[in-house]
Amino acid sequence: KLSHPANNRLQQRAKSTNQFHAPAARVFVPISRSSRANKHHSLTSSFTMSVMRQRFGSILGVARRSWPALSRQKLSGSPIPFPQNKRKSLELTLSRKKTQPDSANQIIVPWFPMSKADLDELGTHSLEYGAELDSDHPGFLDIDYRSRRRKIVEQGTRYKYADGAPIQDVEYSDSENATWSFIYDHLKQGASRYAVRAFNEIQDDMEREGIYRRDRIPQLQNVSNFLSSRTGFTLRPVSGLLSARDFLNALALKVFFSTQYIRHPSRPLYTPEPDVVHELIGHAPMLADPDFAALSHEIGLASLGASDEEIERLATAYWFSVEFGLCHEDGRLKAYGAGVLSSVEEMLHGCSPPPLAPPTYRPWDPSLASLQPYPITSLQPLYFVADSLASAKGKMRDYTQRMDRGFDATFDAAKGRIVTSPSVHRLPLPAS
């Protein structure tokens, strides 16, 4: 597999410091301690060497979303002091768009969404199309699966918030529902032991309300309505790979981009990218918890107008909290990150570690976590552990408040808009 061109591309991504890799939705059946040593390599390497095509694209150097480093530059009567080639590029962009700042003292920042309707603009800016599969994907040779997946992706692409219509339901097949049921049972068993109390309580609430059932894949709109009633977060379908900037920006508006297709039925315990299982079992229940939702929202707000370097640090902090976060609860280690909650093997590894090769644990500190390298081809060797979900949120808030972008951003829930102080000048959204 290492010599396969698809894996070579993943290796190149992994070597780049400009990439943020979303976690693979690792899902494994529980295995005994005695068999873990023998099975660990085959289970994890076959899954994680292709990891996923990732939720996020390149943080830096993406042609479609390449921004001059202008986070703290201001428009004034004199020229902006940055390299001539970037100045020329900016002047060309502004002249083509015929865009001028409203004030002589506005801060120039990369484009970011001010409202949920602005997120419709990102539909044409996905970096990879979700219906396209690499040749080592389990469904690559399955024409029916590829056709089915393309249909689901195209249906999601048509969703526009500005239209005011709900997210269209997907009519999942019996085979797709059976795949969901198989995984749901295994993850629920693991979560009963290793997930934070809030996760299990919320999942039980969703089952009581008929939103979650073991024999049927939930619909995004129903889950979105539930989240909205609890924390104000909503879901929206995504057509493919988004840049880290775009994905994190949406969190500022309390919007989580979610896939709707499910993994190939031939390998229900494996997926090379985020699918509806990872999104709705790993992420959605925690987004109904006020502290976890606030933590996610803080990262989103901090990403608005941030420099590329700041986006990279925020994305890494996201990895070690929203995706792979642990916390102390009832004297034990419990999982709250989606990458752990959507993998029984990761739950065992992180919350009940093997005595011979345990992972490293460090107290949750976003300023340290944001600079910490991490692997994408194995179980995590390092976890950051918070004292509680409230503590995780509080430390993230303290970290983001120390960032100096030159302006503050808040979300006006009543108006559904981002408010900045002072006002900023957003560069035009680059053409796709």
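A word on the packing of helix H6 (residues 197-208) against helix H7 (residues 220-230). Contact geometry for H6 and H7: axes closest at 12 Å, N-to-C directions at 125 degrees. Considering the angle they form, H6 stands oblique to H7. Both H6 and H7 take part in a crossing whose hand is right-handed. Here H6 contributes Ile202, Asp205 and Met206 to the contact with H7, which in turn contributes Val223, Phe226 and Arg230.

Turning our attention to the sheet that holds strand E7 (residues 332-335). Sheets are built from strands that pair by backbone hydrogen bonding, the pairs being arranged parallel or antiparallel. Sheet architecture is open: four strands sit in the order E7-E6-E9-E8, paired in mixed fashion. Each having just a single partner strand, E7 and strand E8 (360-363) make up the two edges of the open sheet. This sheet shows a mean twist of 40 degrees between the axes of neighbouring strands, independent of strand direction. Relative to strand E9 (residues 382-386), strand E6 (residues 326-329) runs parallel, the two being bridged by two bridges. Note that in E9 the partner of Cys327 across the bridge is Ala386.

This next bit is on H6. Residue pairs three or four apart in sequence face the same way in an α-helix, which turns once every 3.6 residues. Counted at 1.5 Å a residue, the expected span for H6 with its 12 residues is 16 Å, and the 17 Å between its end C-alpha atoms agrees. By the burial criterion, the buried members of H6 are Ala198, Phe199, Asn200, Ile202, Gln203, Asp205 and Met206. Buried residues belonging to H6 abut helix H5 (174-194), H7, helix H9 (276-287), helix H12 (338-341) and helix H15 (389-401). Count one or two residues on from H6 and you reach Gly210, which has phi positive near 80 degrees.

Attention shifts here to the packing of H6 against H9. In the contact formed by H6 and H9, the axes pass within 9 Å of each other and the chain directions differ by 95 degrees. The orientation of H6 relative to H9 falls into the category roughly perpendicular. Along the contact surface, H6 presents Phe199, Ile202, Gln203 and Met206, while H9 presents Ile281, Gly282, Pro285 and Met286. Among the residues making up the contact of H6 with H9, the classes are represented as six nonpolar, two polar and no charged.

Val223, Leu280 and Ile418 are the most contacted members of the largest nonpolar core, which totals 101 residues. What Leu280 contacts, discounting residues up to four positions off in sequence, is Trp180, Tyr212, Pro218, Leu220, Val223, Leu235, Ser258 and Pro285.

Residues of strand E10 (residues 408-412) alternate between two faces, with Ala409 and Phe411 buried on one and Asp408, Thr410 and Asp412 left unburied on the opposite face. What sits between the antiparallel neighbours E10 and strand E11 (residues 417-421) is a turn of four residues, in which Gly416 has the positive phi angle 65 degrees.

In this section: the pattern of salt bridges. Pairs can form between side chains of opposite charge whenever their charged atoms are close. Considering all chains together, one arrives at 16 salt bridges under this definition. A salt bridge links Arg148 to Glu176, with the shortest nitrogen-to-oxygen separation between them at 2.9 Å. With Arg148 in helix H4 (residues 143-157) and Glu176 in helix H5, this residue pair connects regions lying 28 residues apart in the sequence. We classify Glu176 as buried; its relative accessible area is 10%. Here Glu298 and Arg397 are joined by a salt bridge, their closest N and O atoms 2.8 Å apart. Taken together, the positions of Glu298 in helix H10 (residues 290-303) and Arg397 in helix H15 put the pair 99 residues apart, joining distant regions of the chain. For Glu298, a relative accessible area of 14% gives the class buried. A residue is classified by how much of its surface remains accessible, and Arg397, at 31% relative accessible area, is partly exposed.

Position of Pro428 among the secondary structure elements: in the segment after strand E12 (424-426). Residue classification places Pro428 among the buried positions, given a relative accessible area of 14%. Residues Pro428 and Phe112 lie 316 residues apart in sequence; the distance between their C-alpha atoms is 9.3 Å.

Once that is clear, we can look at the pairing of E7. With four bridges joining them, E6 and E7 adopt antiparallel strand pairing. Among the inter-strand pairings, Glu329 is bridged to a residue of E7, identified as Arg332. Between E6 and E7, which pair antiparallel in sequence order, lie two residues; one of them, Asp330, sits at a positive phi of approximately 55 degrees.

Tallied over the full model, the rule gives 13 aromatic pairs. Look at Tyr184 and Tyr212: their rings are 6.5 Å apart centre to centre, the planes differ by 80 degrees, and that puts the pair in the edge-to-face class. Here Tyr184, found in helix H5, pairs with Tyr212, found in the loop between H6 and H7; they are 28 residues apart in sequence, far enough to count as distant. Summarising the burial analysis for this pair, Tyr184 and Tyr212 share the class buried. Pairing Phe292 with Tyr336 gives two aromatic rings, centres 6.2 Å apart and planes at 75 degrees, and the pair type is edge-to-face. Separated by 44 residues along the polypeptide, Phe292 in helix H10 and Tyr336 in the loop between E7 and H12 bring together distant segments of the chain. Residue class for Phe292 comes out buried when judged on its relative accessible area of 2%.

Each value, and the rule that gives it
Residues numbered from 1 in each chain as written. Predicted model: local features only at pLDDT ≥ 70, side-chain atom pairs only at ≥ 80, totals over all residues. Heavy atoms only, no water. Axes fitted to C-alpha atoms, helices over the stretch in contact; angles between N-to-C directions. Helix = DSSP H or I, 4+ residues; strand = E, 2+ residues; numbered from the N terminus. Parallel < 35°, antiparallel > 145°, perpendicular 65-115°, else oblique. Left-handed = near helix turned anticlockwise from the far one by under 90°. Contact = heavy atoms within 4.5 Å. Pairing = 2+ DSSP bridges. Expected span 1.5 Å × (residues − 1). Buried < 20%, exposed > 50% of the residue type's maximum accessible area, 1.4 Å probe, protein only. Nonpolar A, V, L, I, M, F, W, Y, C, P; charged D, E, K, R; others polar. Core = buried A, V, L, I, M, F, W, Y, C linked by side-chain atoms within 4.5 Å. Salt bridge = Lys/Arg side-chain N within 4 Å of Asp/Glu carboxyl O. Phe/Tyr/Trp six-rings, centres within 6.5 Å; stacked < 30°, edge-to-face > 60°.

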